[in-house]
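# Descriptive analysis of the structure
Residue-level listing of the chains:
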Amino acid sequence: MEKKEQLYEGKAKKVFATDDPALVIVSYKDDATAFNGLKKGTIAGKGVINNRMSNLLMRRLEEAGVPTHFVQELSDRDTLVKKVSIVPLEVIVRNVAAGSFSKRYGVEEGVVFDAPTVEFSYKNDDLGDPLLNTSHALALKLATAEELEQIKAMALRVDELLKAAFHRMGIELVDFKLEFGRTPDGTLVLADEISPDTCRLWDEKTHEKLDKDRFRRDLGGVEDAYQEVMRRLTEDLA
Ligand code: TMP
Ligand code: ASP
């Protein structure tokens, strides 16, 4: 399958058309941004790792019954996926307080929740992806009530599966962001990516951060952290 015209360029990926109108190719870049594009940089080799990792995890989710956009890895950085229309919501699942949750509610990072939380942000860069509740999402017609229920259930199922997978790698899944898409027949599938860009991953023993917070917070060792997660995932599969 060959890349045709570029349809879209995002902060971390490009999307290309193919000969098949139902399929597109996503191409992962090394570019990294944070704080809605205010902070810009490069994480060498990130695109290769995120492509590989996201595909491995999505394949596992598929095997466990979660529908995803994944079709086939084409190369180091390129993957064939189903063309979907993205539901303009960032779906965030949290197992441990961190990041914006800690800041907003004044809770120390690292406090473990009794049960996971699910929250939605309106995926809109101009507005800075504001937090919203389900009635807001309905008012804005971002999704139907049925879709919101389905998205929440799928997000919690993904949390269970990913938590277990990362635990086998000695990694605590603190929180993560998902995006969902609709196929032409209206089926909801998991889309976008699952990677250290979109998850908070802490070493279970040392609590060392193994994710994009190293870039966001200028902690150093960004490339090494991404490579370490990839190493453990590869080992887990062996
Ligand atoms: P937050 O604590 O900043 O709200 O982030 C929650 C999770 O979502 C964290 O794992 C990082 C991820 N995330 C993204 O993938 N993209 C984003 O634009 C933001 C703000 C967070
Ligand atoms: N990707 C996001 C941005 O640049 C932010 C983040 O992941 O922190 O806006």
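Keep in mind it's a predicted model, so treat the numbers as computed, not measured.

### Quick word on the environment of Phe70
- Locating Phe70 in the fold gives a position in strand S6 (residues 70–73).
- When its relative accessible area of 13% is taken as the criterion, Phe70 is described as buried.
- Separated by 123 residues in sequence, Phe70 and Glu193 place their C-alpha atoms 9.7 Å apart.
- Among all residues touching Phe70, those that are not within four sequence positions of it are Asn55, Met58, Arg59, Thr79, Leu80 and Val81.

### Considerations on the site of ligand 1
- Near ligand 1 you find 14 residues, and of these Arg94, Ser100, Asp175, Lys177 and Arg200 are the closest.
- One of the side-chain N or O atoms of Arg94 is found 2.8 Å from an oxygen atom in ligand 1.
- Separating an oxygen atom of ligand 1 from a side-chain N or O atom of Arg200 is a distance of 2.9 Å.
- For ligand 1, whose free accessible area comes to 450 Å², the fraction covered by protein is 75%.
- Residues of the shell around ligand 1, tallied by class, amount to four nonpolar, three polar and seven charged.

### A few points about the pattern of salt bridges
- Summed over all chains, the structure comprises 31 salt bridges.
- Between Asp19 and Lys4 there is a salt bridge, and its shortest N-O distance comes to 3.5 Å. Placement of Asp19 in the loop between strand S2 (13–17) and strand S3 (23–28) and of Lys4 in the segment before strand S1 (6–9) is noted, with a sequence separation of 15 residues between them.
- Looking at Lys4, the relative accessible area reads 37%, which means it is partly exposed.
- A salt bridge links Asp236 to Arg168; the shortest N-O distance between them is 3.3 Å.

Definitions and cut-offs
Residues numbered from 1 in each chain as written. Chains lettered and ligands numbered in written order. Predicted model: local features only at pLDDT ≥ 70, side-chain atom pairs only at ≥ 80, totals over all residues. Heavy atoms only, no water. Helix = DSSP H or I, 4+ residues; strand = E, 2+ residues; numbered from the N terminus. Buried < 20%, exposed > 50% of the residue type's maximum accessible area, 1.4 Å probe, protein only. Contact = heavy atoms within 4.5 Å. Near = heavy atom within 4 Å. Polar contact = N/O pair within 3.5 Å; in protein donor to acceptor, adjacent residues only side chain to side chain. Areas by Shrake-Rupley, 256 points an atom, 1.4 Å probe, with all protein chains shown as cover. Nonpolar A, V, L, I, M, F, W, Y, C, P; charged D, E, K, R; others polar. Salt bridge = Lys/Arg side-chain N within 4 Å of Asp/Glu carboxyl O.

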